[in-house]
Amino acid sequence: MGKAHRLGRIQGHLGRGRLSLPRHSIDRAAPIGVFDSGIGGLSVLQALRAALPGEDLVYVADSAHTPYGERSDAFIAERTSAIARHLRDAHGAKLLVIACNTASAAAAHVVRQDNPGWPVVAIEPALKPAAHHTRTGHVGVLATRSTLASRKFAALRAAVTSAHQDVRFSEVACDGLAASIERCAQGGDGSASRDLLARYLGQLGELGAAAHAIDTLVLGCTHYPLIREQIQPQLPLGVYIVDSGLPVARHARRLLHSTGLLRPEPLGDEALSPASLRLLATGSVHTLHAAAQRWLRPMAAPLPDVETLAL
């Protein structure tokens, strides 16, 4: 372990006249930490692997407490802080990606406050790219009840509508959809997810290219892109789906570059040796394993076994 990496793991304390060492890693070789309440963050993890092929990744699924969408903000903040500390201290993560809209809305500010200087990427529903893309001026949003009720979402919505005054948003809280996707990963046929989708898409109103119809759909929970193949057939031709995976991966890359923590792209023989990936779950390892096998495209190496995290 290099000196810089060891220093990054030291628990620093502020003191008059003394330098406070960062608690996060300042080593470019350190991994990126990623977490979600369950399997949904795999959609973001896949985007990170594609955009940052040289970076090692550690993914934590808080499957013992999924879904977060119907939990209290206090509970979500407690779990988010605990997992962030684990990724920081046990794995020396140089950057944290909160790959969960609900946790980002409820707790990203807490993590940043507790970890000054640690690069933290929080996800948000992709309202901004949706506002740029829509032609009818009407955007639909599917998200968890907790995300839609958060102050962070309200502020985001206000900012986007202020910048794009000809755009309006229609939102639907998709109770039970994330949980049904978790069950689908365990071998379900997907019928429950399809039935819920049909109900929630119907609640959005008219979809399509007609004047004032919704022509752009935001998937405001990281679970939802995993069933894109179920969503697309239920939409009229021309309705564009937007999710946050690629914007998050690009933002993570920019942050790593600006802080000097971006690993060089692997070249030559190094390109044949894939970056490492670790998968951890606080609950059932079988759900995350099945979801990774189903929804994570293999890179140069086989997917790893899922480890149990007692946290």
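Residues numbered from 1 in each chain as written. Predicted model: local features only at pLDDT ≥ 70, side-chain atom pairs only at ≥ 80, totals over all residues. Heavy atoms only, no water.

The first and last C-alpha atoms of helix H7 (residues 151-163) sit 18 Å apart over 13 residues, in line with the 18 Å expected at 1.5 Å per residue. Among the residues making up H7, those that are buried are Phe-153, Leu-156 and Val-160. Along H7, the residues classed as buried sweep out an arc of 65° about the axis, all on the same side. Buried residues in H7 make contact with helix H5 (127-133), strand S5 (138-143), helix H6 (145-149) and strand S6 (168-173). (Helix = DSSP H or I, 4+ residues; strand = E, 2+ residues; numbered from the N terminus. Expected span 1.5 Å × (residues − 1). Buried < 20%, exposed > 50% of the residue type's maximum accessible area, 1.4 Å probe, protein only. Arc of directions from axis to C-beta. Contact = heavy atoms within 4.5 Å.)

The next subject is unusual backbone geometry. Following Thr-66, the chain continues into Pro-67 via a peptide bond in cis, with omega recorded as -5°. When you line up the elements, Pro-67 lands in the loop between strand S2 (57-61) and helix H3 (73-89). Residues other than glycine seldom take positive phi values, yet His-212 does so here, at roughly 75°. Its place among the elements puts His-212 in the loop between helix H9 (191-204) and strand S7 (216-219).

Judged by pairing direction, the sheet is parallel, and its four strands sit side by side in the order S6-S5-S7-S8 without closing on themselves. With partners counted over all chains shown, the strands left at the sheet margins are S6 and strand S8 (240-242), one partner each. Adjacent strand axes in the sheet meet at a mean angle of 25° when their direction is disregarded. Where S7 lies against S8, three bridges are found, and the strand directions are parallel. Following the sheet pairing, Thr-216 is matched in S8 by Tyr-240. Running at roughly 160° to S6, H7 makes contact with S5 and S6 of the sheet. (Pairing = 2+ DSSP bridges. Axes fitted to C-alpha atoms, helices over the stretch in contact; angles between N-to-C directions.)

For helix H2 (residues 42-51), the buried fraction is high: eight of the 10 residues fall into the buried class. Taken together, the buried positions of H2 are Leu-42, Ser-43, Val-44, Leu-45, Gln-46, Ala-47, Leu-48 and Arg-49. Considering only its buried residues, H2 is in contact with strand S1 (32-36), S2, strand S3 (95-98), helix H11 (245-258), strand S9 (277-281) and helix H12 (285-295).

Our focus in this paragraph is the packing of H2 against H11. Here H2 crosses H11 at 45°, and the two axes come no closer than 8 Å. Taken together, the axes of H2 and H11 lie oblique to each other. Two packed elements cross with a definite hand, and for H2 against H11 that hand is right-handed. In contact with Val-44, Ala-47, Leu-48 and Ala-51 of H2, H11 contributes Gly-245, Leu-246, Val-248, Ala-249, Ala-252 and Arg-253. Per-class residue counts for the contact of H2 with H11 are eight nonpolar, one polar and one charged. (Parallel < 35°, antiparallel > 145°, perpendicular 65-115°, else oblique. Left-handed = near helix turned anticlockwise from the far one by under 90°. Nonpolar A, V, L, I, M, F, W, Y, C, P; charged D, E, K, R; others polar.)

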